Amino acid sequence: MKKFLAGLFLSVLVLALAACGADKKDDAGSTTGDKADSKENVTLTVGASNTPHAVILEKAKPILAEQGIDLKIETYTDYVLPNQDLESKTLDANYFQHIPYLDLQIKDNGYDFVNAGGVHIEPIGIYSKKYKTLEDLPEGATILLSNSVSDHGRMLSLLEAKGLIKLKDGIDKTAAEIKDIAENPKNFKFDANTAPEMLVQMFENEEGDAVLINSNFAIDNGLNPLEDAISLEDKESPYVNIIAVRAGDETKQEIKKLLEVLTSKEIQDFILEEWKGSVVPVK
């Protein structure tokens, strides 16, 4: 009888252990399957100027989330740190600069960056508290420019396009400097000692007779370029604001998806509606 009971107990124990092992195996198999079927979202960190860049990215954020990309936006108020942080890999990309500025930064700092694609153009405006039109600017008027050398060619080209000056023949106008002015009929004085982000304050303080201001700084400080500027850069400007990345990263799927969304009709329509032409999509 004792042998029978011992054998029965042993049989029950073996069956119980076997069942437990099967449960563990099933659980393990189920867990493994779940991991294989699930896809974790990719986090993409992009540095951007507050306006309009970060605003545009915020609009793109939920669209990218649907495509498996968690967009993290880091905002900046200067033109230096976004490239430094891109180089140090704090950022995966940045969105604040145009091509001539990127080229100059690469030349001056040795950055191994590339242009992953263009998104929009922000026309530079000429602002004045004292005069209503360009024609009203008097003889010897002082015109304030950014102290960013990469902006000079663009700003001087704008002044030339508006008939205020003429640049030397045969020069690369994107790299033009004040010394490249060949004709200055009204003997304007050019002051290029102000940081780009401070030009709005100079305008508000009625410094100079006219101030050339990038639209992102104008918008960020409550100005409406279409209403407040006495003249605006043409929409065909070559100064496209781009997504910049480290060389090689332009082929990453998350970067390609970012560009696809930012140049989609939905985002283009948003840009046109939000800024009424003072920010213009490239497509």
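Nothing here was measured: the structure is a model prediction, and the numbers come from that model. (Residues numbered from 1 in each chain as written. Predicted model: local features only at pLDDT ≥ 70, side-chain atom pairs only at ≥ 80, totals over all residues. Heavy atoms only, no water.)

**Q** Could you clarify how one ought to interpret the overall build of the protein in this entry?
**A** Assigned secondary structure in the protein consists of 10 helices and 13 strands. Burial analysis of the protein (283 residues in total) assigns 45% to the buried set. In the form shown here, the protein has an accessible surface area of approximately 14,700 Å², with 51% of it arising from carbon and sulfur atoms. (Helix = DSSP H or I, 4+ residues; strand = E, 2+ residues; numbered from the N terminus. Buried < 20%, exposed > 50% of the residue type's maximum accessible area, 1.4 Å probe, protein only. Areas by Shrake-Rupley, 256 points an atom, 1.4 Å probe, with all protein chains shown as cover.)

**Q** I would appreciate a short explanation of helix α10 (residues 265-275) in the present structure.
**A** Because an α-helix completes one turn every 3.6 residues, residues spaced three or four positions apart along the sequence face the same direction. Those residues of α10 not exposed but buried are Ile267, Gln268, Phe270, Ile271 and Trp275. Here the buried residues of α10 occupy an arc of 160 degrees about the axis, which is enough to place them on one side. Opposite the packed face of α10, turned more than 90 degrees from it, sit the exposed residues Lys265 and Glu273. Packed against the buried residues of α10 are α2 (50-66), α7 (215-220), α8 (225-228), α9 (253-262) and β13 (280-281). (Arc of directions from axis to C-beta. Contact = heavy atoms within 4.5 Å.)

**Q** Just checking my understanding: could you explain the packing of α2 against α10 for this structure?
**A** Relative placement of two packed helices is described by the angle separating their axes and the distance separating the axes. Contact pair α2 / α10: the axes reach a minimum separation of 11 Å and the direction vectors enclose 140 degrees. With respect to α10, the element α2 is oriented oblique. Regarding α2 and α10, the two cross each other, and that crossing is right-handed. Along the contact surface, α2 presents Thr51, Pro52, Val55, Ile56, Lys59, Ala60 and Ile63, while α10 presents Glu266, Ile267, Phe270, Ile271 and Trp275. (Axes fitted to C-alpha atoms, helices over the stretch in contact; angles between N-to-C directions. Parallel < 35°, antiparallel > 145°, perpendicular 65-115°, else oblique. Left-handed = near helix turned anticlockwise from the far one by under 90°.)

**Q** Would you mind going over the pairing of strand β6 (residues 142-146) with me for this structure?
**A** The two faces of the sheet receive side chains in turn, since in a regular strand these alternate between them. In terms of burial, β6 is a largely internal element, 4 of the 5 residues being buried. Summarising the sheet, β6 and strand β9 (residues 189-194) pair through 4 bridges and their orientation is parallel. By the bridge assignment, threonine 142 is partnered in β9 with lysine 189. Relative to strand β10 (residues 210-213), β6 runs parallel, the two sharing 2 bridges. Note on β10: the bridge partner recorded for isoleucine 143 is alanine 210. (Pairing = 2+ DSSP bridges.)

**Q** When you look at the nonpolar core in this model, what are you seeing that I'm missing?
**A** Within soluble globular proteins, side chains that are nonpolar tend to cluster in buried spots. In terms of nonpolar packing, the biggest core is built from 28 residues, with Val46, Leu57, Ile243, Leu258 and Leu262 touching the most fellow members. The set of elements that each furnish at least two residues to this core consists of β1 (42-49), α2, β2 (69-76), β3 (93-95), β12 (240-246), α9 and α10. Sorting elements by how many residues they give to this core places α2 first, with 6 residues. Counting 22 residues, the second largest nonpolar core, distinct from the first, contains Leu137, Leu158, Phe188 and Ala192. (Core = buried A, V, L, I, M, F, W, Y, C linked by side-chain atoms within 4.5 Å.)

**Q** Explain the pattern of salt bridges to me, please; I cannot follow it from the model alone.
**A** Oppositely charged side chains may form a pair once their charged atoms are brought near each other. Scanning the entire structure with this criterion turns up 11 salt bridges. Measuring nitrogen to oxygen at the nearest pair gives 3.8 Å for the salt bridge that ties lysine 130 to aspartate 209. In this pair, lysine 130 is assigned in the loop between β5 (125-127) and β6 and aspartate 209 in the loop between α6 (199-204) and β10, connecting sequence segments 79 residues apart. For aspartate 209, a relative accessible area of 14% gives the class buried. A salt bridge links aspartate 249 to arginine 246; the nearest nitrogen and oxygen atoms lie 3.5 Å apart. Like aspartate 249, the residue arginine 246 is buried in the burial classification. In the salt-bridge network here, residues are joined through shared partners; they are Arg246, Asp249 and Lys252. (Salt bridge = Lys/Arg side-chain N within 4 Å of Asp/Glu carboxyl O.)

**Q** When you look at helix α4 (residues 99-109) in this model, what are you seeing that I'm missing?
**A** Looking at α4, one finds that the buried residues are Pro100, Tyr101, Leu102 and Gln105. For α4, the elements touching its buried residues are α3 (81-87), β4 (113-121), α5 (149-161) and β12.

**Q** Is there a simple way to think about the side chain of aspartate 151 in this case?
**A** Among the secondary structure elements, aspartate 151 is positioned in helix α5. Side-chain polar atoms of aspartate 151 contact the side chain of serine 146, separated by 3.2 Å. (Polar contact = N/O pair within 3.5 Å; in protein donor to acceptor, adjacent residues only side chain to side chain.)

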